[in-house]
Amino acid sequence: MKFDLLQTDAQSRARAGKITLDHGVIETPIFMPVGTVATVKGVHQRELKEEINPDIILGNTYHLYLRPKMEILKAAGGLHKFMNWDRNILTDSGGFQVYSLSSNRKIKEEGVKFKSHIDGSYHFFSPESVMEIQRTIGADIIMAFDECTPYPCDYRYAKRSMHRTHRWLDRCVDHLAKVPEMYGYSQTLFPIVQGSTFKDLREQSAEYIANVGAAGNAIGGLSVGEPAEEMYAMTELVCGILPTEKPRYLMGVGTPINILENIALGVDMFDCVMPTRNARNGMLFTANGSINIKNKKWEADFSPIDENGYTWVDTTYTKAYLRHLFAANESLGKQIASIHNLGFYLWLVREARRQILAGTFTEWKNKMVKQMDQRL
């Protein structure tokens, strides 16, 4: 993996860069649509590629391990071939899902025993097994196995958990060196900074992660219910410690406003289920604020979904028609809203990049944050 830092904003820490991997170039800052179970929900790969056009998408280790299972992905030749996606993929390690989805999980030094949310069967993840699973999935960027602490969290637990994440990281690095890549292209491991919302723990963790010398670094354990101000404070602190010459990935973030504020703090990569999950509930994100398309006020509004036309759906369909689809519980409504929201998110990070390169990011960001903080 190669990262070129092209420009830093004069009035903030916002950066424009370029990551080069075997499945193509990623222009940063980037938003990665979440394709949890080998699908970005409600969106065909053709629309994903031609309309939304991300350089990289995300898959999930926990979900793919449970279904379709590793033997199927291996027989297919990896996740890229299985889902017919020839651009970059990042897989998270499953640590967050074990924490959030599975009941009866038991965390020990060796790893985590957990119960499948699908059929109740028991499984065990260790740093070593998660590296092997991610080799089989075959993503371009793979994440270290970490323990994600809940919010709120007491200091002693957060400290214990952070040190365990660091020990697990060392095991990930050691084991990955022994397990060869499977599909003829390279994979890059990103470690994850933890430490909840405690300043001294975040500092310790960022320093530990920076010293590992990985090609890129991630910030985990945020966007789990803490106030936005705490998220920004932790991100700012960590970005001040992580090396500038390597990409920084803030996991699971966020709203369009969160993304712009964190770009300003020095983050390069984002992922979040919000654009698709909110779309399925009738919430549209736009440059002028958010729309609840289920509201009666849109019933006879025959204007396009979004005149800015980020994707083909925006000018093909009207707000009244989309509202009707939701009222009738038609799955097409959820698809249209998902394509719109993902198109908007990708436009937002690409426009942020353009503004950084033009030297006008901070002024534009401040204007956009005000505009987007409205309910239409």
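Residues numbered from 1 in each chain as written. Predicted model: local features only at pLDDT ≥ 70, side-chain atom pairs only at ≥ 80, totals over all residues. Heavy atoms only, no water.

The name recorded for the protein chain in an unreviewed UniProt entry is Queuine tRNA-ribosyltransferase, from Myroides pelagicus.

Caption draft 1: Local environment of the sheet that holds strand β2 (residues 15-21). Strand order in the open sheet formed by 3 strands is β1-β2-β3, with antiparallel pairing between adjacent strands. Two strands bound the open sheet, and with one partner strand each, they are β1 (2-8) and β3 (24-28). Here the strands of the sheet are splayed against their neighbours by 15° on average, with no regard to which way each runs. Contacts between helix α14 (residues 331-358) and the sheet are confined to β1, β2 and β3, with β2 contributing the most and set at about 120° to the helix. (Pairing = 2+ DSSP bridges. Helix = DSSP H or I, 4+ residues; strand = E, 2+ residues; numbered from the N terminus. Axes fitted to C-alpha atoms, helices over the stretch in contact; angles between N-to-C directions. Contact = heavy atoms within 4.5 Å.)

Caption draft 2: Expanded view of the pairing of strand β5 (residues 56-60). Most of β5 sits out of view: 5 of its 5 residues are buried. On β5, burial covers both faces: Ile 56, Leu 58 and Asn 60 on one face and Ile 57 and Gly 59 on the other are all buried. For β5 and strand β6 (residues 88-92), the ladder comprises 5 bridges, and the chain directions are parallel. Note that in β6 the partner of Gly 59 across the bridge is Thr 91. (Buried < 20%, exposed > 50% of the residue type's maximum accessible area, 1.4 Å probe, protein only.)

Caption draft 3: Here's a closer look at helix α8 (residues 199-212). The end-to-end C-alpha separation of α8 is 20 Å, in line with the 20 Å expected for 14 residues at 1.5 Å each. Listed in full, the buried residues belonging to α8 are Leu 201, Arg 202, Ser 205, Ala 206 and Ile 209. Along the axis of α8, the buried positions cluster into a sector of 130°, meaning they face one direction only. Opposite the buried face of α8, by more than 90 degrees, sit the exposed residues Lys 199 and Asn 211. Its buried side turned inward, α8 meets α7 (155-176), β12 (192-193), β13 (217-219) and α9 (228-239). Downstream of α8 by one or two residues, Gly 213 has phi in the positive range, about 75°. (Expected span 1.5 Å × (residues − 1). Arc of directions from axis to C-beta.)

Caption draft 4: Expanded view of the nonpolar core. Of all hydrophobic cores here, the largest spans 105 residues; its most connected members are Phe 31, Leu 90, Met 143, Tyr 249, Leu 260, Ile 263 and Met 269. For this core, the element with the highest residue contribution is α14, accounting for 11 residues. (Core = buried A, V, L, I, M, F, W, Y, C linked by side-chain atoms within 4.5 Å.)

Caption draft 5: How the structure looks around the pattern of salt bridges. All told, the structure shown has 15 salt bridges when counted by the stated rule. As a salt-bridge pair, Asp 268 and Arg 15 come within 2.9 Å of each other at their nearest N and O atoms. You can see Asp 268 sitting in the loop between α10 (256-264) and β15 (269-271) and its partner Arg 15 sitting in strand β2, a full 253 residues away along the chain. For Asp 268, a relative accessible area of 0% puts it in the buried group. Residues Glu 299 and Lys 296 are paired through a salt bridge, measuring 2.7 Å at the closest nitrogen-oxygen approach. Taking relative accessible area as the criterion, Glu 299 reaches 42% and is therefore assigned partly exposed. Accessibility expressed as a relative area gives 58% for Lys 296, which makes it exposed. The network of salt bridges with shared partners includes Glu 109, Glu 147, Arg 164 and Arg 167. (Salt bridge = Lys/Arg side-chain N within 4 Å of Asp/Glu carboxyl O.)

Caption draft 6: Fine view of the environment of Thr 311. Structurally, Thr 311 can be placed in the loop between β17 (289-292) and α12 (312-316). The class of Thr 311 is buried, set by a relative accessible area of 3%.

Caption draft 7: Up close: the environment of His 166. Relative to the elements of secondary structure, His 166 occurs in helix α7. Overall, His 166 belongs to the buried group, its relative accessible area being 4%. Here the alpha-carbon distance between His 166 and Leu 58, two residues 108 residues apart in the chain, equals 23 Å. Ignoring anything within four residues of it in the chain, the contact list for His 166 reads Gln 204, Ser 205, Tyr 208 and Ile 209.

Caption draft 8: Just the UniProt feature "active site" (unreviewed entry) in the protein chain, in detail. Mapped onto the present numbering, the UniProt feature "active site" (unreviewed entry) falls at Asp 92 and Asp 271. Sequence-wise these annotated residues cover 180 residues; spatially they are packed, their C-alpha atoms never more than 10.4 Å apart. Here Asp 92 is to be found in strand β6. What Asp 92 contacts, discounting residues up to four positions off in sequence, is Leu 58, Gly 59, Asn 60, Thr 61, Gln 97, Gln 134, Met 143 and Met 251. (UniProt positions renumbered as here; feature names shortened; annotations may be inferred.)

Caption draft 9: Molecular detail of the side chain of Ser 93. Topologically, Ser 93 is positioned in the loop between β6 and α5 (95-100). Relative accessible area serves as the criterion here: at 2%, Ser 93 is assigned to the buried category. A polar atom in the side chain of Ser 93 sits 3.1 Å from the backbone oxygen of Ala 144. For Ser 93, the side chain forms a polar contact with the side chain of Asp 146, separated by 3.5 Å. Beyond its immediate stretch of four places on either side in the chain, Ser 93 contacts Thr 61, Phe 125, Val 130, Gln 134, Met 143, Ala 144, Phe 145 and Asp 146. (Polar contact = N/O pair within 3.5 Å; in protein donor to acceptor, adjacent residues only side chain to side chain.)

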